[in-house]
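As a plain string of letters, each chain reads:
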Amino acid sequence: MKIGNRAALIVVDVQNDFCPGGALAVPEGDQVVPVLNEYIQTFLGKKAPIYATRDWHPADHVSFREQGGIWPPHCVQGTKGADFYPSLTLPEEAVILSKGSDPKEEAYSGFQGTGLGARLKRQGIRRLFIGGLATDYCVKHTVLDALGEGFETVLLRDAAKGVEAKTGDTERALSEMAEAGAYSVIRGELKSE
Ligand code: VGL
Ligand code: ZN
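First, a word on what this report is: a plain description of the structure on this page. (Residues numbered from 1 in each chain as written. Chains lettered and ligands numbered in written order. Predicted model: local features only at pLDDT ≥ 70, side-chain atom pairs only at ≥ 80, totals over all residues. Heavy atoms only, no water.)

**Some points on the overall build of the chain**
Okay, step 1: When you go through the chain residue by residue, the secondary structure sums to four helices and six strands.
Okay, step 2: In summary, the chain has a C-alpha radius of gyration of 15 Å against a globular reference of 16 Å for 193 residues, a match within 12%.
Okay, step 3: Across its three principal axes, the chain shows a C-alpha extent of roughly 50 × 35 × 30 Å.
Okay, step 4: Buried positions account for 50% of the 193 residues belonging to the chain.
Okay, step 5: Sequence-distant contacts in the chain: of pairs separated by 6 or more residues, those separated by 24 or more amount to 77%.
Okay, step 6: Counting every atom, the chain has about 8900 Å² of accessible surface; 49% of that belongs to carbon and sulfur.
Okay, step 7: When the 21 basic and 26 acidic side-chain charges of the chain are each reduced to a single mean position, those positions are 7 Å apart. (Helix = DSSP H or I, 4+ residues; strand = E, 2+ residues; numbered from the N terminus. Rg over C-alpha atoms; globule rule 2.2 N^0.38 Å. Buried < 20%, exposed > 50% of the residue type's maximum accessible area, 1.4 Å probe, protein only. Contact = heavy atoms within 4.5 Å. Areas by Shrake-Rupley, 256 points an atom, 1.4 Å probe, with all protein chains shown as cover. Lys, Arg positive; Asp, Glu negative; His and termini not counted. Charge placed at Lys NZ, Arg CZ, Asp CG, Glu CD.)

Structure, rendered in structure tokens:
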């Protein structure tokens, strides 16, 4: 598959809390980082826009167990856990999108409350390449919303890992995305030109 001229890269939630040692660690979550860094260089080389989403919760977010949610507190605004993983090399031109800031609303998708869809359409973007954490939550929801917004959507399969709260969640997420019409590639299958 070609990257094409109307493509953007979306890096989902590569934050300390989703990496080993973090509050809601994705097993081997840090392993996506060097792979994403390669994709970032490739997209930079093509002058394609790069977006990075971050989970950005208030301390009393509805998804936290104390509030009746299913997750331990994670990615609380302004904390170290909410920082991007240090070795992720986001360029200066990357646009950062914060989501999940409303205490009362869960926001797994990078499109939710961020204006991302309208922004991409204004830029003439047609095709999205999406990787990051976690395959079975925020990556999946971002991919499904991207398809719903009418973008040609490609999962960067070697740059995504699942949290696997229930065994099989990651596999199921991959099937769901494929059934909804998402493509899936690894580095060697992607051509810059
Ligand atoms: C995520 C669980 C809770 C994610 C965010 O980024 O996939 N998962 N909040
Ligand atoms: Zn969250």
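**Observations regarding the environment of Gln-67**
Okay, step 1: Looking at where Gln-67 falls in the secondary structure, it is placed in the loop between strand 2 (50–55) and strand 3 (95–99).
Okay, step 2: Note on Gln-67: relative accessible area 41%, which makes it partly exposed.
Okay, step 3: The spatial distance from the C-alpha of Gln-67 to the C-alpha of Leu-156 is 33 Å, given a sequence separation of 89 residues.
Okay, step 4: Excluding anything up to four places from it in sequence, Gln-67 contacts Asp-60, His-61 and Val-62.

**Brief notes about the packing of aromatic side chains**
The geometry of two aromatic rings is summed up by the distance between their centres and the angle between their planes.
Okay, step 1: According to the stated counting rule, one finds four aromatic pairs in the structure shown.
Okay, step 2: Taking 5.2 Å as the distance between ring centres and 55 degrees as the angle between the ring planes, the aromatic pair formed by Tyr-108 and Tyr-137 counts as tilted. Here Tyr-108 is found in the loop between strand 3 and helix 2 (116–122), whereas its partner Tyr-137 is found in helix 3 (residues 135–148), with 29 residues between them in sequence.
Okay, step 3: Using a relative accessible area of 18% as the deciding quantity, one classes Tyr-137 as buried.
Okay, step 4: Members of the aromatic cluster, connected to one another through ring pairs, are Trp-71, Tyr-108 and Tyr-137.
Okay, step 5: Lying over the aromatic face of Trp-56, Arg-54 brings its terminal NZ or CZ to 3.6 Å of the ring centre. (Phe/Tyr/Trp six-rings, centres within 6.5 Å; stacked < 30°, edge-to-face > 60°. Lys NZ or Arg CZ within 6 Å of the ring centre and 35° of its normal.)

**What to know about helix 4 (residues 169–179)**
Okay, step 1: Within helix 4, the full set of buried residues consists of Asp-169, Thr-170, Ala-173 and Met-177. Around the axis of helix 4, the buried residues are gathered within 95 degrees of arc, so they sit on the same side. Among the exposed residues of helix 4, those oriented more than 90 degrees off its buried face are Glu-171 and Glu-179.
Okay, step 2: Among the structural elements, helix 3 and strand 5 (152–161) are those in contact with the buried residues of helix 4. (Arc of directions from axis to C-beta.)

**Observations regarding the coordination of the zinc ion (ligand 2)**
Okay, step 1: The coordination sphere of the zinc ion (ligand 2) contains the protein donors Asp-55 (OD), His-57 (NE2) and His-74 (NE2), at a distance range of 2.0 to 2.2 Å.
Okay, step 2: Taken in chain order, the donor set of the zinc ion (ligand 2) reads D-x1-H-x16-H. You can see His-57 sitting in the loop between strand 2 and strand 3 and its partner His-74 sitting in the loop between strand 2 and strand 3, a full 17 residues away along the chain.
Okay, step 3: Overall, the relative accessible area of 3% leaves His-74 in the buried class. (Donors = N, O, S within 2.8 Å, 3.2 Å for Na, K, Ca; no water.)

**Some remarks on the pairing of strand 1 (residues 7–12)**
Every regular strand shows the same layout, with side chains that alternate between the two sheet faces.
Okay, step 1: Taken across its six residues, strand 1 has six buried, putting it largely inside the fold.
Okay, step 2: Of the two faces of strand 1, the one holding Ala-7, Leu-9 and Val-11 and the one holding Ala-8, Ile-10 and Val-12 are both buried throughout.
Okay, step 3: Pairing between strand 1 and strand 4 (residues 127–133): six bridges, direction parallel. Its bridge partner lying in strand 4, Leu-9 is registered against Phe-129.
Okay, step 4: Sheet topology places strand 1 next to strand 2; four bridges connect them, and they run parallel. Residue pairing across strands places Leu-9 opposite Ile-50, the latter belonging to strand 2. (Pairing = 2+ DSSP bridges.)

Any functional reading would require information that these geometric values do not contain.
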